[in-house]
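Architecture and fold: a report
The primary structure of each chain is shown beneath.
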Amino acid sequence: MSNSKVIDRGTELLPSNHGSASRMLVPSQPELGLQEVAPATVKRRRRLWLALALVVLAGATTGGYWWLRALPGLPAGIVFGNGRVEADEIDIAAKFSGRIAALLVDEGDVVRAGQVVARMDTQDLEMSLRKAEAQVLGANRMLDEAHAGVEQQQAQAKLAEQQLARAIVLVDKGYATAEILDQRQQQMSAANAALAAANARVGQAEQTLAAASHDVDLYRINIADNSLVAPRDGRVQYRLANIGEVIGAGGKVLTMIDTGYVYMDIFLPTAEAGRTTVGSAARIVLDAAPASPIPAKVVFVSGEAQFTPKAVETKAERDKLMFRVRVRVDPDYLRIHAAEMSSGLPGLAYVHLDGSAEWPTSLISGRTDESSR
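Residues numbered from 1 in each chain as written. Predicted model: local features only at pLDDT ≥ 70, side-chain atom pairs only at ≥ 80, totals over all residues. Heavy atoms only, no water.

With respect to the pattern of salt bridges
Within this structure, the stated rule accounts for 10 salt bridges. We note a salt bridge from Asp258 to Arg232, for which the minimum N-O separation is 3.5 Å. With Asp258 in strand β11 (residues 252-269) and Arg232 in the loop between β8 (227-229) and β9 (234-239), this residue pair connects regions lying 26 residues apart in the sequence. Taking relative accessible area as the criterion, Asp258 reaches 4% and is therefore assigned buried. Taking the relative accessible area as the measure of exposure, Arg232 reaches 40% and is therefore partly exposed. (Salt bridge = Lys/Arg side-chain N within 4 Å of Asp/Glu carboxyl O. Helix = DSSP H or I, 4+ residues; strand = E, 2+ residues; numbered from the N terminus. Buried < 20%, exposed > 50% of the residue type's maximum accessible area, 1.4 Å probe, protein only.)

Digging into the pairing of strand β12 (residues 281-286)
The two faces of the sheet receive side chains in turn, since in a regular strand these alternate between them. Most of β12 is tucked away: 6 of the 6 residues are buried. Of the two faces of β12, both are covered, the one formed by Ala281, Arg283 and Val285 as well as the one formed by Ala282, Ile284 and Leu286. Pairing between β12 and strand β13 (residues 289-305): 5 bridges, direction antiparallel. Within β13, the position partnered with Arg283 by the bridge is Pro295. Between β12 and β13, which pair antiparallel in sequence order, lie 2 residues. Bridging between β12 and strand β15 (residues 346-352) involves 5 bridges; their strand directions are antiparallel. (Pairing = 2+ DSSP bridges.)

Quick word on the confidence of the model for the chain
Looking at the chain, pLDDT values average 78 and 74% of them are 70 or higher. For the stretch residues 1-37, pLDDT sits under 50, and the model shows 29 contacts to residues farther than four places along the chain or on other chains. Counting contacts from residues 366-373, a segment whose pLDDT is below 50, to residues more than four positions away or on other chains yields 28 contacts. (pLDDT = per-residue confidence, 0-100. Contact = heavy atoms within 4.5 Å.)

Some words on helix α3 (residues 178-225)
An ideal rise of 1.5 Å per residue puts 70 Å on 48 residues; α3 measures up with 71 Å between its terminal C-alpha atoms. Those residues of α3 lying buried are Leu181, Met188, Ala191, Leu195, Ala198, Val202, Ala205, Leu209, Ala212, Val216, Asn222 and Ile223. (Expected span 1.5 Å × (residues − 1).)

Below is the structure:
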């Protein structure tokens, strides 16, 4: 027998070089082929890449905020937050119920304060106005008549006074009786009473004229109020009714946004919100125009936290408190660039915490009128 190995169906025949020991059949180790090794290796590699990806994602999530806070060129005294540009909405509504006669603007149109944007049907008010104007004319004529009556009674009273004076002289000389004197005195009293009544009628006519004049003014005001005007400079955002529709008192016709008051609300953590004061300089940078910073100022700092944890007994929990800060765009800037401002645009608002910090070049370039600090 040779000393070579014999493999047969998973067994190995050992050579007989061990003395008296006979040859033995023992199980042999199978050889792994390429097809059996590859799948296991691929699975291990996939698990490794997945673990690395999760580590990178976690690092980016936890460190992203602080990386943004440490942007190159941003001084320590300047912080920022994300937000959207917003403007106050103003509803233009009808004061009285009626039919819409005309719409003079459409959605997207820029309007000025005092500009007529819609008109209501005022035919009924115009008829009432004509009636009130006619009543004013009638009251004027009544007043003229009352004044004429006063003049007439004044003449009667003067005549009665003269007759009474002559009667007194005649009675003293014995040329007239006491009865004549009594008659003249009664005539004098009646003339004075008639004069007082005439003066009262003048006062009544004046009150009637004043009431009619007030009615005329009221109808004119109501007619003017049916011409709907824009209360502020802005842009029409929605048209809520159409021509010919009948709406009730207070019914909304248009909604506009006030482009004279544009702001962005951001949220800052406790340490930064505590150093933010009303009147601090700020900049707004829109995603749509990153190279054109907009001058602004802080006009509001919330006194209460917006995102409050359930417990704030520890410093770590207090640091999680976020406070709302409102940054308003400079009104002088808006007077020039109001047409470029659109509500809802996202961006960043940078707030000046330290007056000695200098604005970075990227925040003082563009169309800002405020000098850097």
